[in-house]
Amino acid sequence: ARNATRRKECVMKRNDKIKLFDYSKLKGRIKEKLNHQYVLAEEIGISTNAFSRKLNNALDFTNRETAKIIEVLDIKGDEIKEYFFTEMVARDATK
């Protein structure tokens, strides 16, 4: 339980609901621009394992990482929400 408490999850809580982000569009952009996720992980200076965990909502992207991804993948300002803040269907936070 102690490790679970420490584990940083990519979630936003509101009204006892956990919101996870859908990174499928980001994954598609990575494939289109760089062909492989590990290339982007190297570009932003994190391990492929950490990058994978972030794409799977186990860890948060930092502001610096998000900014670097936007730069590397040439994501326009009005598209940022679609790539990083599209919410998945929420599930109950108590489960």
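Since this is a predicted model, take the numbers as computed values, not measurements. (Residues numbered from 1 in each chain as written. Predicted model: local features only at pLDDT ≥ 70, side-chain atom pairs only at ≥ 80, totals over all residues. Heavy atoms only, no water.)

Peer 1: If you had to explain unusual backbone geometry to someone new, which residues and values would you point to?
Peer 2: Of note, Asn 35 is a non-glycine position whose phi angle comes to about 75°, a positive value. Among the secondary structure elements, Asn 35 is positioned in the loop between α2 (24-34) and α3 (37-44). We classify Asn 35 as partly exposed; its relative accessible area is 39%. Notably, Asn 57 is not glycine yet its phi reads approximately 65°, a positive angle. Inspection of the secondary structure puts Asn 57 in the loop between α4 (48-55) and α5 (63-72). (Helix = DSSP H or I, 4+ residues; strand = E, 2+ residues; numbered from the N terminus. Buried < 20%, exposed > 50% of the residue type's maximum accessible area, 1.4 Å probe, protein only.)

Peer 1: Explain the nonpolar core to me, and be specific about the residues and the numbers.
Peer 2: Ranked by internal contacts, the top residues of the largest apolar core, which has 17 residues, are Leu 26, Phe 51, Ile 69 and Phe 84. Those elements giving two or more residues to this core turn out to be α2, α3, α4, α5 and α6 (80-84). Ranked by residue count, the leading element in this core is α3, at three residues. Apart from the residues within four sequence positions on either side, Leu 26 is in contact with Leu 55, Phe 61, Ile 69, Leu 73, Ile 75, Tyr 83 and Phe 84. (Core = buried A, V, L, I, M, F, W, Y, C linked by side-chain atoms within 4.5 Å. Contact = heavy atoms within 4.5 Å.)

Peer 1: Which residues make up the packing of α2 against α3, and what values do they have?
Peer 2: Each pair of packed helices gets described by two things: the angle between the helix axes and the distance between those axes. Between α2 and α3, the shortest axis-to-axis distance is 9 Å and the interhelical angle comes to 90°. Comparing the axis directions of α2 and α3 gives the class roughly perpendicular. Of the residues in α3, those touching α2 at Lys 27, Ile 30 and Leu 34 are Gln 37, Val 39 and Leu 40. Taken together, the residues of the contact of α2 with α3 sort by class into four nonpolar, one polar and one charged. (Axes fitted to C-alpha atoms, helices over the stretch in contact; angles between N-to-C directions. Parallel < 35°, antiparallel > 145°, perpendicular 65-115°, else oblique. Nonpolar A, V, L, I, M, F, W, Y, C, P; charged D, E, K, R; others polar.)

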